Amino acid sequence: MAYQTFRQEYMQIPPVTRAYTTACVLTTAVVQLEIITPFQLYFNPELIFRNYQVWRLITNFLFFGPVGFNFLFNMIFLYRYCRMLEEGSFRGRTADFVFMFLFGGLLMTIFGLFVNLVFLGQAFTIMLVYVWSRRNPYVRMNFFGLLNFQAPFLPWVLMGFSLLLGNSIIVDLLGKRNAAWFTSGVK
């Protein structure tokens, strides 16, 4: 009974969101079980181009670190904003959504060469948040019950929160820079 309910809920998730979120969770689970290591997944241009380890072009978007607060936070944001984009702005336009994924991933990979990031999944999540926030400018947001703002400010609030936690803002800026390509016509 519970399995059927879980399966029904899982199958109601839009296909791109379901595939990407599942791939991220499974990748993290495989690393947690020590079947593979993050060293087999990270973005390394030398290994990609000289040793033909092309899977690294994809796997660096799938690993968000060990299971913990950061992983959970990223998965919640990834699932929520990816799903809202797929069900909202890209409803009935799955091919366009996949194109946005591929084009955004390509741009991040190119920019990743210059900023020396080894995992680009978090920047990709920020890109999804940024695209959603620009496409929903009148949505009111509340951050931990402390701060009220309009949706277009969400990526900036997240960047400030990231800064308060002592993280580098390069990841946030990379995600915002790539998302600007998709939202340049959105007012």
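Rules used in this analysis
- Residues numbered from 1 in each chain as written.
- Predicted model: local features only at pLDDT ≥ 70, side-chain atom pairs only at ≥ 80, totals over all residues.
- Heavy atoms only, no water.
- Helix = DSSP H or I, 4+ residues; strand = E, 2+ residues; numbered from the N terminus.
- Expected span 1.5 Å × (residues − 1).
- Buried < 20%, exposed > 50% of the residue type's maximum accessible area, 1.4 Å probe, protein only.
- Patch = residues over 30% accessible without salt bridge, like charges linked within 9 Å, V, L, I, M, F, W, Y side chains within 5 Å.
- Areas by Shrake-Rupley, 256 points an atom, 1.4 Å probe, with all protein chains shown as cover.
- Salt bridge = Lys/Arg side-chain N within 4 Å of Asp/Glu carboxyl O.
- UniProt positions renumbered as here; feature names shortened; annotations may be inferred.

1. Let's talk about helix α7 (residues 121-135)
Every α-helix winds through 3.6 residues per turn, so residues three or four apart in the chain are directed the same way. With 15 residues, α7 ought to run about 21 Å at 1.5 Å a step, and its terminal C-alpha atoms sit 21 Å apart, in line with that. The element α7 is largely enclosed, with a buried count of 12 among its 15 residues. Of all the positions in α7, only G121, A123, F124, T125, I126, M127, L128, V129, Y130, V131, W132 and S133 are classed as buried.

2. Comments concerning a nonpolar patch on the surface
On the surface, L106, I110, L113, F114, V115 and I170 cluster together to form a nonpolar patch covering roughly 550 Å² of accessible area. With five residues, the top contributor of residues to the nonpolar patch is helix α6 (residues 94-115). Structurally, I170 can be placed in helix α9 (residues 170-183).

3. Points about the UniProt feature "transmembrane region" (unreviewed entry) in the protein
Within this numbering scheme, the UniProt entry marks residues 20-43, 55-79, 100-133 and 153-174 as carrying the feature "transmembrane region" (unreviewed entry). Annotation note: span residues 100-133, helix share 85%, strand share 0%, distance between end C-alpha atoms 15 Å.

4. Details of the pattern of salt bridges
For the coordinates displayed, the defined rule picks out three salt bridges. In this structure, R50 and E46 form a salt bridge, with 4.0 Å as the shortest nitrogen-oxygen distance. Of the two residues, R50 and E46 are both situated in helix α3 (residues 45-50); the distance of four residues between them amounts to about one turn of the helix. A residue is classified by how much of its surface remains accessible, and R50, at 63% relative accessible area, is exposed. We note a salt bridge from D96 to R93, for which the minimum N-O separation is 2.8 Å.

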